[in-house]
Amino acid sequence: MTSAVPTAPILAEIEAHQRRARRRFRAQSASVWVVLIGGLGIALWATGNINADFIGTWGPYIVGGAWITILLSVTSIIFATGLAILGAIGRLSENAFINGAASLYVSLVRGTPLLVQIFFVYYALPQFGVALPSIPAGIIALSFNYGAYMTEIFRAGIQAVPRGQREAAESLGMPERLVMRRIVLPQAFRIVIPAIGNDFVAMIKDSALVSTIAVQELLWRASKIGTRHFRTLETLLIAAVVYWLLTILFSYFQEKLERRMARGDR
Amino acid sequence: MVNLRRRAPLLLAAGALVLASCTSAANVPAVVCVGESTTYLDWLNGDFQPDSPADITEPSSTAGDLLETVRARDNGNGQLIVSTDPNYAPQSFLQEDGTFVGFDIDVATEIADRLGVGIKFETPDWDAITAGSWSERWDISVGSMTITTPRKEILSFTQPYYYTPAYLAASTRSGVTKVSDLPFTLPTGVEATTLTTDANCAEAIESGRTDFDLWISSGTTIDGAIAAGSPMVKIGEPIFQENLAVAIDKSGPPHAALLFEIDKIIGEMHADGTLKALSEQWFEGADLTTDPSS
């Protein structure tokens, strides 16, 4: 080795340079957000159509609808997860009857609009004698719908658990059910949790559809108050901002969770 | 750099389009906005059949009647569940704390008081109320519903608790101030466009939409919209009168006793001046509780 130049300081310098570049990029990107949001806000304000008093008076009532939105989304994602586990086990079952039923469920739900399903639960089920109040009807429709999409997520998650895990457990003499419950599902869960987080964020937005069946959530409140006072611009803006903040908040948690879950893979 | 010269035809075309849409707004489109499932839509379709309630007689027994269910709710304290559309000022609208106020709300509360039970409101869409098949989600509608022959097939009505005239309204930008200003005849010469509820029509005109300039609704709703600053004027004489009554779903449990009780209460509220006072309170001094046809 004749070279007198030590490589370590150079590498450190390159790394520092890259770090600086990354930081600069992030700062620039953040300032674009600030400038665009600020510009949009000023532009809206400049039109003179925004009534601050009105927002002050009605804002709290409309924003209060966010609790119902969260309640709907959280309850529905829990039920949907249960449905999805059953659905995924059914989709992977070698029993033709169970497999057929599970795939019919997925096909039926994925092949019809969510709004049709919501109307069906609220308006059509009573003809079979099942008359549900609006919030339970909304939760059932959302769970049923998301359960089908998440079935596919869980199926992929279960299939992604290495075969060797199952084989090892079976060779130890574990019964099939126990293998599923103790070995496969816990590992599958770790794989699908980021995807569930994604679906949860999507559900917060889709929950707006249940405003059509008289659930007094965010959008219902915004549209009723907007129509009544001819200030739809303000009320829809409030609703949009609240949905946005909710999704930013939950996306942040989801990202953290995703990073935590990915740690085991290294 | 954007080559402006190259884009000039495109810009010109866009400008022409904007200009065209501005000038077409000066002509009144032959479109009238009405709420879904309203008598105004029926009238535009030539299908408005106003009616009066069927005869109401006291049933011999209240056993199994909806009245019993209402009285047994809330651990025997009783609770009447009433549907209301809180998008219909001054009959029913929301307050900042999420509670409802308005003429219909006061009438419903008074009915529950005189029945000796509590009250709870449900807020389904208007078309779900007029369609019947309430599946026992709520007991009665105190929602300014007009008695019509088709509705009588599926709903039982009490005697009217008040009467409103239906009016035509036009946006101020259209320049229309009387029926003879219109270049077409009502109702045959126009098309109907329906929005979820009457108030959405006022909202659309207010927000600057130009697909229609005309609106038919109850005089009270139009007055309310104008008072709230909506740019429109009420036109001409009332188109027709509406008898507005409490309704109960016929597909639900037996309700002859509940209907009889509520009808009796409305009769008493007419007689003792309660309804008149409420009408004057909510409709700017107007007494709308006497039958204009008698």
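Residue positions are given per chain, counting from 1 as you read along its sequence in written order. Here every chain gets a letter starting at A, and every ligand a number starting at 1, in the order they are written. Where totals are concerned, whole chains, interfaces and linings use all residues; where local detail is concerned, this predicted model gives features only for residues with pLDDT of at least 70, and gives and counts side-chain atom pairs only at 80 or more. Only hydrogens and water are set aside; all other atoms, that is, all heavy atoms of the structure, feed into the side-chain values.

### Details of the domain arrangement of chain B
Residues and elements named next belong to chain B.
- Where each domain starts and ends follows an automatic or database-derived domain assignment. Looking at chain B, the domain boundaries give domain 1 (28-47 + 166-240) and domain 2 (66-164 + 242-282).
- Using only C-alpha atoms to locate each centre, domain 1 and domain 2 end up separated by 27 Å.
- Criterion for a salt bridge: a side-chain nitrogen of Lys or Arg within 4 Å of a carboxyl oxygen of Asp or Glu. Applying the counting rule to domain 1 against domain 2 returns 0 salt bridges.
- If you list the elements that add at least two residues to the side of domain 1 that touches domain 2, you get helix 2 (39-44), helix 7 (198-206), strand 10 (214-218) and helix 8 (219-227).
- Here the term charged refers only to Asp, Glu, Lys and Arg, the term nonpolar to Ala, Val, Leu, Ile, Met, Phe, Trp, Tyr, Cys and Pro, and the term polar to all other amino acids, Gly among them. Class assignment for the residues of the side of domain 1 that touches domain 2 results in 4 nonpolar, 9 polar and 2 charged. Numbering of helices and strands runs from the N terminus; a helix is a DSSP stretch of H or I covering at least four residues, while a strand is a stretch of E covering at least two.

### Notes on the state of the cysteines
All names here are of chain B.
- Pairs of cysteine sulfur atoms within 2.5 Å are identified as disulfides in what follows. Applying the stated criterion across every chain yields a total of 1 disulfide over all chains.
- Paired through a disulfide, C33 and C201 show a sulfur-sulfur distance of 2.0 Å. Measuring the twist about the S-S bond at about -75°, one finds the C33-C201 disulfide to be left-handed. Remark: C201 occurs in helix 7 and C33 occurs in strand 1 (residues 31-35); sequence separation between them is 168 residues.

### Some thoughts on the packing of aromatic side chains
- Two rings from Phe, Tyr or Trp (for Trp, the six-membered ring) form a pair when their centres are within 6.5 Å of each other. A pair whose planes differ by under 30 degrees is stacked, one over 60 is edge-to-face, and the rest are tilted. A full pass over the atoms with the stated rule returns 19 aromatic pairs over all chains.
- Relative to A:W244, the ring of A:W33 lies with its centre 6.1 Å away and its plane at 20°, an arrangement referred to as stacked. Of this pair, A:W33 sits in helix 1 (residues 7-46) while A:W244 sits in helix 9 (residues 232-262), and the two are 211 residues apart along the sequence.
- Buried, partly exposed and exposed residues are distinguished by accessible area as a fraction of the type maximum, computed with a 1.4 Å probe on protein chains only: under 20%, between the cut-offs, and over 50%, respectively. Looking at A:W244, the relative accessible area reads 40%, which means it is partly exposed.
- The interplanar angle of 25° and the centroid separation of 6.2 Å between the aromatic rings of B:Y40 and B:F240 together place this pair among those described as stacked. With B:Y40 in helix 2 and B:F240 in strand 11 (residues 232-249), this pair connects stretches of sequence that are 200 residues apart. Just as B:Y40 is buried, B:F240 falls in that class too.
- Three or more aromatic residues joined by ring pairs make a cluster, and in this case those are B:Y40, B:W43, B:F48 and B:F240.

### Let's talk about the interface of chain B and chain A
- Listed per partner, the contact involves 26 residues of chain B and 21 residues of chain A.
- The junction of chain B with chain A conceals about 2000 Å² of combined surface from both sides, 55% of it contributed by carbon and sulfur atoms.
- At the boundary of chain B and chain A, one finds 1 salt bridge.
- Of the charged contacts in the structure, one is a salt bridge between A:K224 and B:D85, with a shortest N-O distance of 3.6 Å.
- As used in this structure description, the phrase polar contact means that two N or O atoms lie within 3.5 Å; if the pair is within protein, one of them must be able to donate a hydrogen and the other to accept it, and residues adjacent in sequence are counted only when both atoms belong to side chains. Counting every contact that joins chain B to chain A gives 6 residue pairs in polar contact (both at pLDDT 80 or more).
- For the side of chain B that touches chain A, the elements supplying multiple residues, two or more each, are strand 4 (92-94) and helix 7 of chain B. Should any heavy atoms of two residues lie within 4.5 Å, those residues are counted as being in contact. Put simply, buried area is how much 1.4 Å-probe accessible surface two parts lose in total, over both of them, once they are put together.

### Brief notes about the layout of surface pockets
All names here are of chain A.
- Points on a 1 Å grid over protein atoms alone make up a cavity when a 1.4 Å probe fits among them but cannot get out, and a pocket when they form an open set with protein on both sides within 12 Å along at least five of seven lines; lining residues each have an atom within 4 Å of a point. Grid points are joined across faces, edges and corners, and a volume is the space filled by probe spheres set on the points. Space inside the largest pocket adds up to approximately 590 Å³.
- Contributing to the lining of the largest pocket are 17 residues, with L92, S93, R166, E176 and M180 lying nearest its centre.
- Residue assignment for the lining of the largest pocket shows that the elements contributing at least two residues are helix 2 (52-92), helix 5 (134-160), helix 6 (163-171) and helix 7 (176-206).
- The biggest single contributor to the lining of the largest pocket is helix 7, with 5 residues.
- Here the lining of the largest pocket is built from residues that sort into 8 nonpolar, 3 polar and 6 charged.

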